[in-house]
Amino acid sequence: MAKYKMHVLVCGGTGCKASASDSIIEKFKSELTAKGLDNEVQVILTGCFGFCEKGPIVKVLPDNTFYTQVKPEDVAEIVAEHLVKGRKVNRLLYVDPKSNEHVSDSKHMGFYRKQIRIALRNCGFINPENIDEYIARDGYYAIGKVLKEYTPAQTIDIIKKSGLRGRGGGGFPTGLKWEIASKNAADQKYVVCNADEGDPGAFMDRSVLEGDPHSVLEAMAICGYCIGATKGVIYIRAEYPLAITRLKIAIDQAREYGLLGKDIMGSGFDFDITLRYGAGAFVCGEETSLIHSMEGLRGEPTNKPPFPAESGYLGKPTNVNNVETFASVPVIILKGAEWFASIGTEKSKGTKVFALAGKINNVGLIEVPMGTTLREVIFEIGGGIKNGKKFKAAQTGGPSGGCLTEKHLDTPIDFDNLIAAGSMMGSGGMIVMDEDDCMVSIAKFFLDFTVEESCGKCAPCRIGNKRLYEILERITNGEGTMEELERLRNLSLVIKDTSLCGLGQTSPNPVLSTMDNFYHEYLAHVNDKKCPAGQCKSLMQYVIEPEACVGCTACARNCPVNAITGERKKPHVIDTAICIKCGACIEKCKFNAISIK
Amino acid sequence: MSHIKVELKKEQVAKIKDICKSFNNEAGELINVLHKTQESFGYLPAEVQEVIARELNVSVAKVYGVVTFYSFFTMIPKGKHPISICTGTACYVRGAEKVLDEFKRILDVKVGETTPDGKFSLSCLRCVGACGLAPVVMVGEKVYGRVSPDGVKDIIKEYEQ
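Residues numbered from 1 in each chain as written. Chains lettered and ligands numbered in written order. Predicted model: local features only at pLDDT ≥ 70, side-chain atom pairs only at ≥ 80, totals over all residues.

S.K.: Sorry if this is basic, but what is going on with the overall build of chain B here?
M.R.: In terms of helices and strands, chain B carries seven helices and four strands. Written out in order from the N terminus, the α and β elements of chain B read α-α-α-α-β-α-α-β-β-β-α. Counting across all 161 residues of chain B, residues that qualify as buried make up 39%. Taking the contacts inside chain B whose residues are at least 6 apart along the sequence as the reference set, 60% of them involve residues at least 24 apart. (Helix = DSSP H or I, 4+ residues; strand = E, 2+ residues; numbered from the N terminus. Buried ≥ 20, exposed ≤ 12 C-beta atoms within 10 Å, placed from the backbone. Contact = placed C-beta atoms within 7 Å.)

S.K.: Help me understand the overall build of chain A, please; the structure alone is not making it clear to me.
M.R.: Looking only at helices and strands, chain A has 24 helices and 19 strands in total. Seen through its C-alpha atoms, chain A measures out along the principal axes to roughly 85 × 65 × 40 Å. When contacts within chain A are restricted to residue pairs at least 6 apart in sequence, long-range pairs at least 24 apart make up 71% of them.

S.K.: How should the domain arrangement of chain A be read in this particular structure?
M.R.: You'll often see interface size given as the accessible area lost when the parts meet. All names here are of chain A. Domain parsing of chain A yields domain 1 (6-112), domain 2 (131-340), domain 3 (351-434), domain 4 (439-526) and domain 5 (541-596). Placing a centre on the C-alpha atoms of domain 1 and another on those of domain 3 gives a separation of 29 Å. Contacts between the two partners involve eight residues from domain 1 and, on the opposite side, nine residues from domain 3. The class makeup of the residues in the side of domain 1 that touches domain 3 is five nonpolar, two polar and one charged. (Domains from an automatic or database assignment. Nonpolar A, V, L, I, M, F, W, Y, C, P; charged D, E, K, R; others polar.)

S.K.: When you look at the interface of chain B and chain A in this model, what are you seeing that I'm missing?
M.R.: Across the boundary between the two partners, chain B contributes 36 residues, which contact 39 residues of chain A. Of all the secondary-structure elements, those providing two or more residues to the side of chain B that touches chain A are α2 (30-41), α4 (60-69), α5 (89-93) and α6 (96-107) of chain B. In terms of residue class, the side of chain B that touches chain A is made up of 19 nonpolar, 10 polar and seven charged.

S.K.: Would you mind showing me how to read the environment of A:Glu179 here?
M.R.: Residue and element names in this part refer to chain A. When you line up the elements, Glu-179 lands in helix α8 (residues 174-183). On the basis of neighbour counts, which here come to 19 C-beta atoms within 10 Å, the residue Glu-179 falls in the partly exposed class. As a C-alpha pair, Glu-179 and Tyr-313 span 134 residues in sequence and 18 Å in three-dimensional space.

S.K.: Honestly, helix α2 (residues 21-34) of chain A in this entry has me stumped. Any pointers?
M.R.: Each full turn of the α-helix corresponds to 3.6 residues, which orients residues three or four apart in the same direction. All names here are of chain A. Taking 1.5 Å per residue as the helical rise, α2 with its 14 residues ought to reach 20 Å, and the 20 Å between its terminal C-alpha atoms agrees with that figure. Among all positions in α2, only Ser-21, Ile-24, Ile-25, Lys-27, Phe-28, Glu-31 and Leu-32 are buried. Projected down its long axis, α2 carries its buried residues within an arc of 165 degrees, all on one side. Summarising the geometry of α2, the exposed residues directed more than 90 degrees from the buried face are Thr-33 and Ala-34. Looking at the packing, one finds that the buried side of α2 touches β1 (6-11), α1 (14-18), β2 (41-46), β3 (58-61) and α3 (75-85). At the C-terminal side of α2, Gly-36 shows a positive phi close to 70 degrees. (Expected span 1.5 Å × (residues − 1). Arc of directions from axis to C-beta.)

S.K.: What am I meant to see in the sheet that holds strand β9 (residues 272-278) of chain A here?
M.R.: Sheets are built from strands paired through backbone hydrogen bonds, the pairs being either parallel or antiparallel. Residues and elements named next belong to chain A. One open sheet accounts for four strands, arranged β9-β8-β7-β10; its pairing is parallel. The sheet is open, and its two edges are formed by β9 and β10 (318-322), each paired on a single side. Taken over all neighbouring pairs, the strand axes of this sheet differ in orientation by 25 degrees on average, direction set aside. Where strand β8 (residues 231-237) lies against β9, seven bridges are found, and the strand directions are parallel. Pairing of Ile-236 across the sheet is with Tyr-277, part of β9. (Pairing = 2+ DSSP bridges. Axes fitted to C-alpha atoms, helices over the stretch in contact; angles between N-to-C directions.)

S.K.: Can you walk me through the domain arrangement of chain B in this structure?
M.R.: Domain parsing of chain B yields domain 1 (10-69) and domain 2 (81-160). Placing a centre on the C-alpha atoms of domain 1 of chain B and another on those of domain 2 of chain B gives a separation of 30 Å.

S.K.: I would appreciate a short explanation of the sheet that holds strand β4 (residues 142-144) of chain B in the present structure.
M.R.: All names here are of chain B. Judged by pairing direction, the sheet is mixed, and its four strands sit side by side in the order β2-β1-β3-β4 without closing on themselves. Each of the sheet's edge strands pairs with one partner strand only, and the pair in question is β2 (120-125) and β4. Across this sheet, the average inter-strand angle for adjacent strands is 20 degrees, counted without regard to direction. Bridge count between strand β3 (residues 137-139) and β4: three bridges; the pairing is antiparallel. Directly across from Met-138, in β4, lies its bridge partner Val-143. Where α6 meets the sheet, its contacts fall on β1 (81-86), β2 and β3, and the angle it forms with β1 comes to roughly 150 degrees.

S.K.: Even after reading the chapter, I still don't get the pairing of strand β7 (residues 190-195) of chain A, so can you show me in this structure?
M.R.: Consecutive residues of a regular strand have side chains that alternate between opposite faces of the sheet. Residue and element names in this part refer to chain A. Within β7, six of the six residues are buried, leaving the element largely enclosed by the surrounding structure. Side chains of β7 alternate between two faces, with Tyr-190, Val-192 and Asn-194 and Val-191, Cys-193 and Ala-195 buried alike. Strand direction decides the pairing type here: β7 and β10, joined by five bridges, are parallel. Note on β10: the bridge partner recorded for Tyr-190 is Thr-318. Alignment of β7 against β8, held across six bridges, turns out to be parallel. Paired with Val-192 across the two strands is Val-233, which belongs to β8.

S.K.: Hey, could you run me through the pairing of β3(A) in this one?
M.R.: Residues and elements named next belong to chain A. Pairing of β1 with β3, which is carried by four bridges, proceeds in the antiparallel orientation. Paired with Leu-9 across the strands is Lys-59, a residue of β3. In the sheet, β3 pairs with strand β4 (residues 65-67) via three bridges, with the strands oriented antiparallel. Counterpart to Val-58 in the pairing with β4 is Tyr-67. Counting the residues between successive antiparallel strands, the hairpin from β3 to β4 contains three residues, one of them, Asn-64, with a positive phi of roughly 65 degrees.

S.K.: Looking at this model, I keep getting lost on the nonpolar core. Mind explaining?
M.R.: For soluble globular proteins, the rule of thumb is that nonpolar side chains tend to be buried together. Ranked by internal contacts, the top residues of the largest apolar core, which has 210 residues, are A:Val216, A:Met220, A:Ile222, A:Ala355 and B:Val136. Top contributing element to this core by residue count: helix α10 (residues 213-227) of chain A, with 10 residues. Once you skip the residues sitting within four places of it in the chain, A:Ile222 turns out to touch A:Ala142, A:Ile143, A:Val146, A:Thr155, A:Val329 and A:Ile333. If you look at the next biggest cluster of nonpolar residues, it comprises 14 residues, including A:Cys549, A:Ile574, A:Ala593 and A:Ile594. (Core = buried A, V, L, I, M, F, W, Y, C linked by C-beta atoms within 7 Å.)

Written out as structure tokens, the structure reads:
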């Protein structure tokens with residue numbers, strides 16, 4: 001094996017791949033070969049670094065230099081300057097927005113400083129398509145240790161003591177779940193990994209699978225040993241082709257090394273993993289729906305009990321955990337339950353991955369200890385709100401969650417505090433909104449999602465959510481009444497109480513949470529027929545202020561429907577009957593002459 | 001559009017049967033069979049579903065139920081250049097709706113429809129996981145990031161020849 005002096009890590013996450021990270025790698029390889037350095041510098045495609053806002057990311061080791069927004073054209077300069085002469089390319093380094101200084105080592109960047117990476121420990125560090133790199137990072141050491149030193153009961157005890165709770169949404173204690181499944185005797189049991197990441201705006205599971213697939217395989221095998229299962233199934237979204245490819249490679253490599261299959265490490269324990277594909281249904285994130293979908297049926301939920309731990313896939317005891325939960329397991333075995341339990345808050349241990357997105361400066365994937373405050377996440381790691389706007393709310397828990405507002409900024413984030421605040425952890429999507437976002441429209445947006453994703457099995461969810469959506473639509477059109485506001489709340493509570501599965505029980509949360517925190521916005525829509533954020537099209541008009549307009553014609557030229565008329569150098573006028581309120585004119589006006597009334 | 005009669009050629013029927021066979025004609029493999037079939041046909045018209053139902057020995061209603069349940073399966077042929085606008089939450093708050101409106105206006109189709117010349121079809125999808133680039137539009141496999149309503153006509157122009 002060649003000994004390399006330097007390594008160039010190029011992000012191969014979905015965001016960076018969309019910005020040409022493939023051609024960056026090709027370019028590096030050809031430049032290095034041309035300079036005769038291909039035996040000294042290794043180029044590696046890694047998983048997601050997390051800092052998607054500044055992608056594509058290129059990292060150079062051993063000096064840990066972090067280049068941002070690299071283009072294929074920049075590669076020749078990095079090779080000639082940094083790799084040959086040892087001089088860093090300053091213009092591609094991250095610039096700290098506060099001090100305006102170049103930061104070359106990612107450890108000193110605000111985005112990474114507060115993070116502790118457990119589930120994401122290998123993402124952006126190893127080549128996910130090479131099992132040797134995972135093994136070099138103590139990979140498959142945990143399963144070895146478990147098989148050799150611990151009984152299943154002892155292993156379950158470690159997971160229980162660590163305090164690990166399910167990262168998929170509900171936060172059920174993982175060790176307890178394993179224990180229940182282990183106690184149900186059957187000729188065949190199953191370990192299922194839920195990789196049907198359906199919360200729009202959350203992409204942590206995908207990043208783990210793309211960046212560190214072996215950690216999930218290893219954890220599933222450990223789980224199989226604990227509960228007495230020899231078969232594992234990963235239920236993954238068909239919309240994640242890259243993750244599927246990397247999983248297939250990883251499974252093949254693990255089989256080749258004898259880490260999956262018969263008699264693993266000579267212990268007599270058999271375990272193998274296959275893939276099942278989802279086909280786009282949010283409700284399949286619910287355990288019982290997921291299991292039906294795995295059986296080739298419509299993904300409709302069924303009543304619990306019986307729980308999957310008693311009767312799951314093909315009627316056999318089944319343990320379902322999500323990707324992030326599994327990814328945390330091997331480290332817990334290696335570093336011990338006490339170590340994991342020392343991180344986090346009293347009832348929520350360890351770390352949580354959040355997908356930070358929306359109106360925030362540093363969009364990306366972050367992993368922080370439980371108990372980190374929203375303020376730290378948004379203003380320190382996230383770098384604050386885009387374009388200097390004011391923070392309004394952060395939605396956690398996706399379509400099942402609620403919004404956190406300014407008054408929650410200093411609340412430590414954990415499972416229980418989020419529920420107390422009227423939201424929930426969910427899978428970890430965190431969408432940040434600013435003063436320009438209309439909270440009634442946000443609630444409508446989420447309802448639109450749940451109406452489409454409701455499986456239709458039970459009436460409260462199928463019919464009730466549709467009615468909620470219609471009321472919200474009337475409110476945003478300026479046709480809402482006070483009675484309807486009351487009905488909105490009552491119906492929400494009924495749906496929560498009477499729906500069969502998690503989807504319906506949580507679907508009114510965005511409505512209730514925005515009503516609790518932003519009731520004045522609802523009132524403005526209903527009573528004043530105004531949208532305070534200027535988002536609801538039916539409630540606004542675009543107007544040109546004649547005093548401010550200089551008649552530059554920029555707006556008229558850019559209006560897609562020719563609604564703006566006027567002579568050069570004279571104030572223009574918008575014909576509100578033609579105007580489609582697309583906002584193109586406001587963006588083009590350099591004189592701030594157009595406003596929304 | 002789903003009422004258009006499709007006449008399957010002999011080879012096509014054989015191909016579907018092969019796919020079913022590769023999954024041992026097991027009813028539990030229905031979703032995998034549909035994935036493979038859609039991969040090779042581009043869509044799943046009623047006639048294709050009938051063949052699958054026969055092969056797996058389940059009712060056509062069951063196959064239809066599964067096809068219509070999951071958003072990944074479609075009974076309408078996609079355009080030559082399928083356009084998907086991400087309407088995940090991150091893209092939504094960064095203006096995906098305005099981008100979608102512009103596509104609808106220029107192509108003069110609704111979501112889920114294909115232009116009469118069969119060139120473009122328009123659909124929405126939920127989160128491709130590239131939220132750093134929001135709002136995101138996909139044309140075929142290619143991802144366009146930070147799309148503004150202004151930029152829509154340029155994207156369409158790229159594929160118009």
